[in-house]
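Topology and contacts: notes
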Amino acid sequence: RQNAKVERVRKLNEGKRILGLVELAARLDPRLQRRRDEEKARKNAKREEKRRAREAEENALKEEEERKEKEAAEKASKEKLQRQQSKKEKEKFKKLLRKARQRIRALDVDIAEKLDSDADKAAAHVAAEKICDDCEDPDAMEAIANDIGAKTASFNYVAAFQDLLTAAETLQSPAGSAVSTPAPSTPAPSESASPAPGATREAEWSLDEISSLTKLLAKFPGGTRERWERITESLGGGRTAADVLRKSQELKKGTAAVKQVDDFTRFKQKTLGDDNALAPATNGAVASVVPDAAAEKAAAEEAAAEKAAALAESVIAGATAAAKAGMPAPNALGFSKKEQAVLETSCKRSKADDPKRWEKAAAVVGNGKTAHECELRFKELVTYFKAKKAGK
């Protein structure tokens, strides 16, 4: 056992000695050292190659991102510049168009002052509004204004009036159809209003047409875009805008009359509930009838309604015209600052669907202001600011 133990110790020491010699040879042998250096260099080269490839990929991605960001910034800058230029061009275009419209309307006012017939004045106004509404080319409007202005400068208002109507008739709307303008009631302001020999007379208006026209005048109040064309289209019956305009003026003046006995009988039966038909008098005249209290009341109510409708139309038209002309907000009903402030407070506190909204407003405003006047004042301001905003 002792010998075996000694032998194990000897072998262990011998193994350590041999291992030390091997390690010493491996550490000091130049061939092994060179081999280790080559292996290390090969690993380092491989690691460096991977690092460079990774850096190149990262640099490429970074350059691509920078390129995209730069392109996006340049595109955004170009778009912003284009928007600014487009906005400036639009503002310049709107300014030129607004200036041309103001000039057309100013010429319309000058021409209307020299016209004797109310129908001619209305036709001139409708023609001017047609040109302002349908023409979107300021250069064309300036050319029209120059032609008309040359006539007015030489005091040839008849030719200027005809040029205004001709421009409105020949001007093409955006949809491509010719603009229809009410024709003047007379060939020239100084000529007679009687129709020329051989001219076609306007067809008689039936009661149904007059009733429909009255409703349409209330449905499309003054200031409505393309008012007379819309009324004419809704009315039908082959009437033109000029016919509708003349008849509406007759109704306003109270000169429209029922010319046939049968028509008058049906009108009386329909409105007054009188079953007694009137017998025709000689020469086509209508027999005189003493109106009863109900008829007088109905006539008074109708006259009051017509007066209120005319006032409303005048106020709305004035508000629209003031906005288009760049004038301050009108005050056709003469509301004071205190009354205006009270009215605004009442409108804020009441709901729009309240049936007694304007009666309440009139009660707090006082000073004799009626509910209709309060409502009309409110609509006057709303119309003015809407038209002013639309004209910008």
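Everything here concerns the structure above.
In this report, we go over the structure that sits alongside the text. Every value quoted in this text rests on a predicted model; they were computed, and no experiment measured them. (Residues numbered from 1 in each chain as written. Predicted model: local features only at pLDDT ≥ 70, side-chain atom pairs only at ≥ 80, totals over all residues. Heavy atoms only, no water.)

1. Overview of helix H5 (residues 157-170)
The end-to-end C-alpha distance of H5, which contains 14 residues, comes to 20 Å, matching closely the 20 Å that a straight helix rising 1.5 Å per residue would cover. What H5 keeps buried is the set Tyr157, Ala159, Ala160, Phe161, Leu164, Leu165, Ala167 and Ala168. Next to the buried residues of H5 lie helix H2 (30-113), helix H3 (118-134) and helix H4 (138-153). (Helix = DSSP H or I, 4+ residues; strand = E, 2+ residues; numbered from the N terminus. Expected span 1.5 Å × (residues − 1). Buried < 20%, exposed > 50% of the residue type's maximum accessible area, 1.4 Å probe, protein only. Contact = heavy atoms within 4.5 Å.)

2. As for the environment of Ile148
Along the chain, Ile148 turns up in helix H4. For the pair Ile148 and Ile104, spaced 44 residues apart in the sequence, the C-alpha separation amounts to 8.8 Å. Dropping the residues within four chain positions of it, Ile148 is found in contact with Leu107, Ile111, Ala160, Asp163 and Leu164.

3. So, the pattern of salt bridges
Pairing is possible between side chains that carry opposite charge, provided their charged atoms lie close to one another. By the definition in use, this model includes 20 salt bridges. A salt bridge links Asp29 to Arg31; its shortest N-O distance comes to 3.1 Å. Between Arg239 and Glu209 there is a salt bridge; the shortest N-O distance is 3.0 Å. Here Arg239, found in the loop between helix H7 (227-235) and helix H8 (241-253), pairs with Glu209, found in helix H6 (residues 207-219); they are 30 residues apart in sequence, far enough to count as distant. The same class applies to Arg239 as to Glu209, namely buried. Put simply, Glu48, Arg51, Arg52 and Glu55 are held in one network by salt bridges that share partners. (Salt bridge = Lys/Arg side-chain N within 4 Å of Asp/Glu carboxyl O.)

4. Focus: a negative patch on the surface
Residues Glu63, Glu65, Glu66 and Glu69 make up a contiguous surface patch of negative charge. For Glu66, a relative accessible area of 44% puts it in the partly exposed group. (Patch = residues over 30% accessible without salt bridge, like charges linked within 9 Å, V, L, I, M, F, W, Y side chains within 5 Å. Areas by Shrake-Rupley, 256 points an atom, 1.4 Å probe, with all protein chains shown as cover. Lys, Arg positive; Asp, Glu negative; His and termini not counted. Charge placed at Lys NZ, Arg CZ, Asp CG, Glu CD.)

5. Concerning the packing of helix H11 (residues 337-349) against helix H12 (residues 357-365)
Relative to each other, H11 and H12 sit at 145°, their axes nearing to 9 Å. Once H11 is placed against H12, the crossing between them reads as right-handed. Facing Glu339, Val342, Leu343, Ser346 and Cys347 of H11, the residues of H12 in contact are Arg357, Trp358, Lys360, Ala361, Val364 and Val365. Looking at side-chain class alone, the contact of H11 with H12 contains seven nonpolar, one polar and three charged residues. (Axes fitted to C-alpha atoms, helices over the stretch in contact; angles between N-to-C directions. Left-handed = near helix turned anticlockwise from the far one by under 90°. Nonpolar A, V, L, I, M, F, W, Y, C, P; charged D, E, K, R; others polar.)

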